[in-house]
Amino acid sequence: MNILPLSRSVVVLGSVLALSACSGLNIDSVGERVDYKNNKSVNSLEVPPDLSAPDYDSTYATIPGGSVSAAALTSGEVQRDNRVVLPTNPGIQLMREGNVRWLQVGAPAEAVWPKLQEFWSTMGVDIKRDEPRVGIMETDWAENKAEIPLDFIRKTIGKAFEGAYDAGSRDRFKIRLERPAAQATNIYLSHERAEESVSGTGTKWQYVPARPELEAEMLNRLMVFLQGGDATAATTPTAATPKQAAVSAAMVALDGGQPALAVGGTANDVWIRSGVMLGRIGMSIEGQQRANGIYLTSYSGGADDGKQGFFGRLFSTDKDALKVGSKYQVKIADAGNRSLITVSDAGGNPLKPAVATALLERLKSEFER
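Here the structure is a predicted model, which means the values were calculated and not measured.

1. A short note on helix 5 (residues 212-226)
With 15 residues, helix 5 should cover 21 Å at 1.5 Å per step; its first-to-last C-alpha distance of 21 Å lies within 8% of that length. Of all the 15 residues making up helix 5, 13 are buried; the element is thus mostly covered by neighbouring parts of the structure. A positive backbone phi angle near 95 degrees is found at G228, which sits one or two residues after helix 5.

2. Things to note about the pattern of salt bridges
Under the criterion given, the structure shown has 15 salt bridges. Of the charged contacts in the structure, one is a salt bridge between E192 and R172, with a shortest N-O distance of 2.9 Å. Note that E192 is positioned in strand 8 (residues 184-199) and R172 in strand 7 (residues 169-181), a separation of 20 residues in sequence. Just as E192 is buried, R172 falls in that class too. For E217, the salt bridge identified is with R221, shortest N-O distance 2.8 Å. A residue pair is termed a helical-turn pair when its members lie 3 or 4 positions apart in one helix, as E217 and R221 do in helix 5 at 4 residues. Exposure class is identical for E217 and R221. Each is buried.

3. Some points on the nonpolar core
Ranked by internal contacts, the top residues of the largest apolar core, which has 35 residues, are Y328, I341 and L359. The residues contacting L359, other than those within four sequence positions of it, are L278, I281, M283, L322, Y328 and V343. Residues A111, V112, W120 and F225 belong to the second largest nonpolar core, which totals 31 residues.

4. Concerning the packing of aromatic side chains
A full pass over the atoms with the stated rule returns 7 aromatic pairs. When the ring of W102 is compared with that of Y188, the centres are 5.6 Å apart and the planes differ by 35 degrees; the resulting orientation is tilted. Of the two residues, W102 is situated in strand 3 (residues 100-105) and Y188 in strand 8; the sequence distance between them amounts to 86 residues. A single burial state applies to W102 and to Y188, both of which are buried. Ring centres of W141 and Y207 lie 6.0 Å apart, and the angle between their planes is 55 degrees; this geometry places the pair in the tilted category. Taken as a pair, W141 in the loop between strand 5 (136-139) and helix 4 (152-157) and Y207 in strand 9 (residues 202-208) lie far apart in primary sequence, 66 residues in all. Comparing W141 with Y207 shows no difference in burial state: the two are buried. Three or more aromatic residues link up through ring pairs in this structure, and these residues are Y36, F119, W120, F173 and F225.

5. Some points on the packing of helix 6 (residues 267-280) against helix 7 (residues 353-367)
It is the contact of helix 6 with helix 7, at a shortest axis distance of 10 Å, that shows an interaxial angle of 110 degrees. If you check the angle between helix 6 and helix 7, you find them roughly perpendicular. Of the two elements, helix 6 crosses helix 7, and the hand of that crossing is right-handed. Residues V270, R273, S274, M277, L278 and R280 of helix 6 touch helix 7, and the partners they reach there are L359, L363, E366 and F367.

6. Considerations on the confidence of the model for the chain
The predicted coordinates of low-pLDDT regions are not to be read in fine detail. The predicted model of the chain averages 74 in pLDDT, with 64% of residues at 70 or higher. The model gives residues 3-32 a pLDDT under 50, and that stretch makes 37 contacts with residues more than four places away or in other chains.

7. What to know about the sheet that holds strand 11 (residues 259-264)
Strand order across the open sheet formed by 6 strands is 10-11-15-14-13-12, with antiparallel pairing between neighbours. Two strands in the sheet have a free side with no partner beyond their single neighbour: strand 10 (249-253) and strand 12 (283-289). The mean angle between the axes of side-by-side strands here comes to 30 degrees, regardless of whether they run parallel or antiparallel. With respect to the sheet, helix 6 is in contact with strand 11, strand 12, strand 13 (294-299), strand 14 (327-334) and strand 15 (338-345), its orientation differing from that of strand 14 by roughly 155 degrees. On top of the sheet, helix 7 reaches strand 10, strand 11, strand 12, strand 13, strand 14 and strand 15; it is set at about 15 degrees to strand 11, its chief contact.

8. Notes on the pairing of strand 4 (residues 127-131)
Note that strand 4 and strand 5 share 4 bridges and pair antiparallel. In the strand pairing of strand 5, D130 is matched with M137. Hairpin connection, strand 4 to strand 5: the antiparallel pair is bridged by 4 residues, and G135 has positive phi, about 65 degrees.

The rules we used
- Residues numbered from 1 in each chain as written.
- Predicted model: local features only at pLDDT ≥ 70, side-chain atom pairs only at ≥ 80, totals over all residues.
- Heavy atoms only, no water.
- Helix = DSSP H or I, 4+ residues; strand = E, 2+ residues; numbered from the N terminus.
- Expected span 1.5 Å × (residues − 1).
- Buried < 20%, exposed > 50% of the residue type's maximum accessible area, 1.4 Å probe, protein only.
- Salt bridge = Lys/Arg side-chain N within 4 Å of Asp/Glu carboxyl O.
- Core = buried A, V, L, I, M, F, W, Y, C linked by side-chain atoms within 4.5 Å.
- Contact = heavy atoms within 4.5 Å.
- Phe/Tyr/Trp six-rings, centres within 6.5 Å; stacked < 30°, edge-to-face > 60°.
- Axes fitted to C-alpha atoms, helices over the stretch in contact; angles between N-to-C directions.
- Parallel < 35°, antiparallel > 145°, perpendicular 65-115°, else oblique.
- Left-handed = near helix turned anticlockwise from the far one by under 90°.
- pLDDT = per-residue confidence, 0-100.
- Pairing = 2+ DSSP bridges.

This is the structure:
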């Protein structure tokens, strides 16, 4: 937990002394594991006027559809009977492969997408990337107030001076949809985490390993929400599942010296896990060629729209071989009783060994967790 600058802390302390003389205070506390609302009212997402989806190669299209203007919605010109609505109680299963979980929903992607938008709005998390044509959604960085210890001062003043405290961490979530069948949708969720560290030169934000247990918590809340429940309510802890053995993963060199990551398991299993793990290590999926086992990715690395802002220097050191904004192809190929993961540039050309190794080593660490 971090406390913001001294001047604000003094104000807070003074307020505590003043409030301590009062009685009958109605104090709210933050005790949930997840609380991203940050004491702000959260409005429903609004549709920008004449919003159009960007033009993508149809190879990667997950949710078909064109643009719909807000004016047309208001005037009733849109054919509503063609819309797909999520069933009242869709069949949902929580699936698992190693340390990766996902939801399998018995509903088409067209019906699931707007519910995902509503879910993040309900949770108080802003959506930064919303691309239904490719089935990709990413949130902005969010502070989980539930991670701030509920000490004496916070118990006394409640939420009146909530802004004086900071959890010292931020979370970001990425969702990717796949359509295994016409009336089924797989929802994959990745988590990224950054924490504030203090050194002799000041403070800075750094990536830290993602938390699969937080992914599971958010998937659990999403499942409740899709079934008509309250996503913000505390969820009942699920029985602990036996820890699965780490999958064998080793760096190997292919003919010509190209580095590759050899992972135990079928190409399908490794595909599922790699999609989530790429999100955990700072990669954004731009598209996918499922039949060819290729993810089209870009390295987000915590950049804030290319500016050196709040998270602008995450993972962007001189020693880092990966460059923010660079695009890559990540390919998973079957190789008998194992799968090979290779990385190339956006055009499919081999990368410099140092760059490919840097990305594959990060994937390797996720498979070994």
